[in-house]
Amino acid sequence: MKYPEVRNYRDGSFVAGDLPFIDVYNPSDGSIISRVPMSTRDDVDAAVSSAERAFPGWSRTPIKERVQVFYKYKALLEKHIDELAALVSEENGKVASEARAEVLKAAELSEYACSLPQIAPGEVLEVSRGVECRIERYPVGVVAAITPFNFPNMVPNWSIPNALALGNCMILKPSELVPLSAGRIAELLREAGLPDGVFQVVHGGRETVEALCDHSGIAAISFVGSTQIAKVVYRRATANLKRVLALGGAKNHLIVMPDADVEMASSNIIASMSGCAGQRCMAASVMVAVSKVDHIIERMIAHARSIVPGRDIGPVISRAAKERIERYITEAEDAGATVVVDGRGVVVPGKENGYFIGPTIIDHVTPDMRIAQDEVFGPVLAIVRTKTVDEAIAVENRSPYGNAASVFTESGGVARHVMDRANAGMVGVNVGVPVPREPFSFGGWNESKFGVGDITGRGSIEFWTQSKKMTTKWNREAGTNWMS
Ligand code: NAD
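Residues numbered from 1 in each chain as written. Predicted model: local features only at pLDDT ≥ 70, side-chain atom pairs only at ≥ 80, totals over all residues. Heavy atoms only, no water.

(A) Summary view of the sheet that holds strand 5 (residues 123-128). Taken in spatial order, the three strands make up an open sheet running 5-6-20, and their pairing is antiparallel. With one partner strand each, in any of the chains shown, strand 5 and strand 20 (465-473) form the two edges of the open sheet. Taking the axes of each pair of neighbouring strands and ignoring which way they run, one obtains an average angle of 25 degrees across the sheet. Here strand 5 runs beside strand 6 (residues 131-139); their pairing, made up of five bridges, is antiparallel. Paired with Ser128 across the two strands is Val131, which belongs to strand 6. (Pairing = 2+ DSSP bridges. Helix = DSSP H or I, 4+ residues; strand = E, 2+ residues; numbered from the N terminus. Axes fitted to C-alpha atoms, helices over the stretch in contact; angles between N-to-C directions.)

(B) How the structure looks around the layout of surface pockets. Estimates place the volume of the largest pocket at around 930 Å³. Residue lining of the largest pocket: 43 residues in total, with Pro148, Phe223, Gly225, Ser226 and Ile229 positioned closest to the centre. Elements represented by at least two residues in the lining of the largest pocket include exactly helix 6 (154-165), helix 8 (206-214), strand 10 (220-224), helix 9 (227-239) and helix 12 (319-334). If one sorts the elements of the lining of the largest pocket by residue count, helix 9 sits on top with five residues. Here the lining of the largest pocket is built from residues that sort into 22 nonpolar, 14 polar and seven charged. Built from parts of two domains, the lining of the largest pocket gets at least three residues from each of domain 1 (8-249 + 443-469) and domain 2 (252-400 + 404-429). Taken as a whole, the second largest pocket holds about 650 Å³ of empty space. Lining the second largest pocket we find 29 residues, and of these Ala101, Phe151, Arg280, Val433 and Val435 sit closest to its centre. (1 Å grid on protein atoms, 1.4 Å probe; cavity = no way out; pocket = protein on both sides within 12 Å on 5 of 7 lines; lining within 4 Å. Points joined across faces, edges and corners; volume = space filled by probe spheres on them. Nonpolar A, V, L, I, M, F, W, Y, C, P; charged D, E, K, R; others polar. Domains from an automatic or database assignment.)

(C) Molecular detail of the site of the ligand. In the neighbourhood of the ligand, 27 residues make up the surrounding shell, with Lys173, Glu176, Ser226, Gly248 and Glu375 lying closest. Contacts to the ligand include Glu375, whose side-chain N or O atom sits 2.6 Å from an oxygen atom. Isolated, the ligand exposes 850 Å² of accessible area, and the fraction of that covered by the protein chains is 88%. Here the ligand occupies the largest pocket. Counting residues per element, the ones that place at least two in the shell around the ligand are helix 8 and strand 10. For the shell around the ligand, the residue count by class is 14 nonpolar, nine polar and four charged. When we break the shell around the ligand down by domain, the ones giving at least three residues each are domain 1 (8-249 + 443-469) and domain 2 (252-400 + 404-429). (Near = heavy atom within 4 Å. Polar contact = N/O pair within 3.5 Å; in protein donor to acceptor, adjacent residues only side chain to side chain. Areas by Shrake-Rupley, 256 points an atom, 1.4 Å probe, with all protein chains shown as cover. Sits in = over half its atoms within 2 Å of the grid points.)

(D) Just the side chain of Glu326, in detail. You can see Glu326 is positioned in helix 12. Judged by relative accessible area, which is 18%, Glu326 ranks as buried. The contacts of Glu326, once residues within four sequence positions are left out, are Gly343, Arg344, Gly345, Phe356 and Ile357. (Buried < 20%, exposed > 50% of the residue type's maximum accessible area, 1.4 Å probe, protein only. Contact = heavy atoms within 4.5 Å.)

(E) Quick peek at a nonpolar patch on the surface. Judged by side-chain polarity, Met1, Tyr25 and Ile32 come together as a nonpolar surface patch covering roughly 300 Å² of accessible area. With respect to the helices, strands and loops of the structure, Met1 is situated in the segment before strand 1 (8-10). (Patch = residues over 30% accessible without salt bridge, like charges linked within 9 Å, V, L, I, M, F, W, Y side chains within 5 Å. Salt bridge = Lys/Arg side-chain N within 4 Å of Asp/Glu carboxyl O.)

(F) Region of interest: the pattern of salt bridges. Counting across every chain of the model gives 32 salt bridges. One salt bridge connects Lys94 with Glu102, and the closest N-O pair in it is separated by 2.7 Å. The exposure classification of Lys94 matches that of Glu102, with both residues buried. Of the charged contacts in the structure, one is a salt bridge between Asp374 and Arg370, with a shortest N-O distance of 3.3 Å. Through salt bridges that share partners, Arg41, Arg206, Glu210, Asp214 and Arg236 make up one connected network.

(G) Molecular detail of the domain arrangement of the protein chain. Here the protein chain is described as being made up of domain 1 (8-249 + 443-469) and domain 2 (252-400 + 404-429). Centre-to-centre, using C-alpha coordinates, domain 1 lies 31 Å away from domain 2. Contacts between domain 1 and domain 2 engage 22 residues on the former and 25 residues on the latter. Around 1,800 Å² of area is buried between domain 1 and domain 2 when both sides are counted, 61% of it from carbon and sulfur atoms. For the pair domain 1 and domain 2, the number of links is zero salt bridges. Taken together, domain 1 and domain 2 are joined by five residue pairs in polar contact (both at pLDDT 80 or more). Its residues assigned to classes, the side of domain 1 that touches domain 2 shows eight nonpolar, nine polar and five charged. (Buried area = accessible area lost by both parts, 1.4 Å probe.)

Here it is, written out as structure tokens:
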């Protein structure tokens, strides 16, 4: 194996345990690169105990001192970007530029955490003569983050810097498909000066997640993954009286108007559907083509055909994912849709065992087809045709998801019309991947997010803290007032 077996990280050290392991694959060539332990309730207990010991010291450290760790951590992410990006490529399959972008985004998330002392100070007001009310933010305690396979470095960093800078101690449960980046994150946090016990990593799968949801020592959980598991985690952890923010899957619709700029629309749509092999929760999944947009579709087809698998687009995560995605394409074809660019059966020379699928465009999809409804999570774009923008909005609105939506047009009026009516938490105009950048928060609607707040930016501050409301009176002359 290229990498030593993965270990849990507790109290500032990697710990070996007598645990069952599963193999970790490199999706580009199907080779086994490591193995990851499937942790039990005992491992979760040990991690929580260690975090509980660290919590009093860390939570009482002034926030201006806590964020010093994240200035250094950001610099370390940048210093080691080549190595960190290579690790992401190795375990997830992303091409180098995508993996680097992921690490740079993690650095930006750390940069935001450094600004928390400026953004999240307390408030104080003299509410009546001699009487002050103040609000201060306190961390919620020991928290957990459960993350998916598609961003092994960035998605953990959606939660880590803000939750820790705000004074919490965290247990990370990374995806068992991509467990390697988490170990380097732990090492870099330690090198940046994070005290032992403030951050732990517990690897595993279902049993580990269930133990986290059930543990009475964990106050809050952030989850990112599929809607199916987001529901399981949200229900189980809230039933155990935890605060939960669970981000789920997506089916993002891009509405394309005939007046859209051909080059901007076609290149953005293809980048959105094919980037990270379509394995982004913000990826374009359905293009709703309004009226006569064939000139744009023709250009999209040219862009899609110019993408070389293995060079411009990486593999999907597993053999099972490749087979599932190819089944969706075949089923759509059988149902009467037209596959105009076909990425099935792609073989990359020298990487014959990799899980590659080329960009795939399927035209004349109808809204009742499964390809128009389910999250496919691969480089596949379904084109649904409508006559009017309101019909297009109706198609978008019917999706149970609600992560992102975009409109491509030169008309400000049409853009505003769609922005108002799209049933999604993140909406773009002439943008294929409308990810809000810091300081703006990331989070969808409907079945793409369960819980209140957002996972990054300002929206996360409420989630990772609880406010204490204090009323003080020191001068006797203040007398009694209507409340006292
Ligand atoms: P997943 O739901 O299979 O796994 C997510 C996490 O849940 C992993 O840590 C996994 O170990 C754990 N898990 C899996 N099965 C479980 C079970 N039965 N019980 C308890 N825990 C379980 O998701 P994935 O395949 O790793 O990631 C892809 C999904 O994540 C897609 O649906 C994608 O849209 C979504 N995603 C959403 C966002 C967002 O911001 N909304 C961001 C990234 C990914």
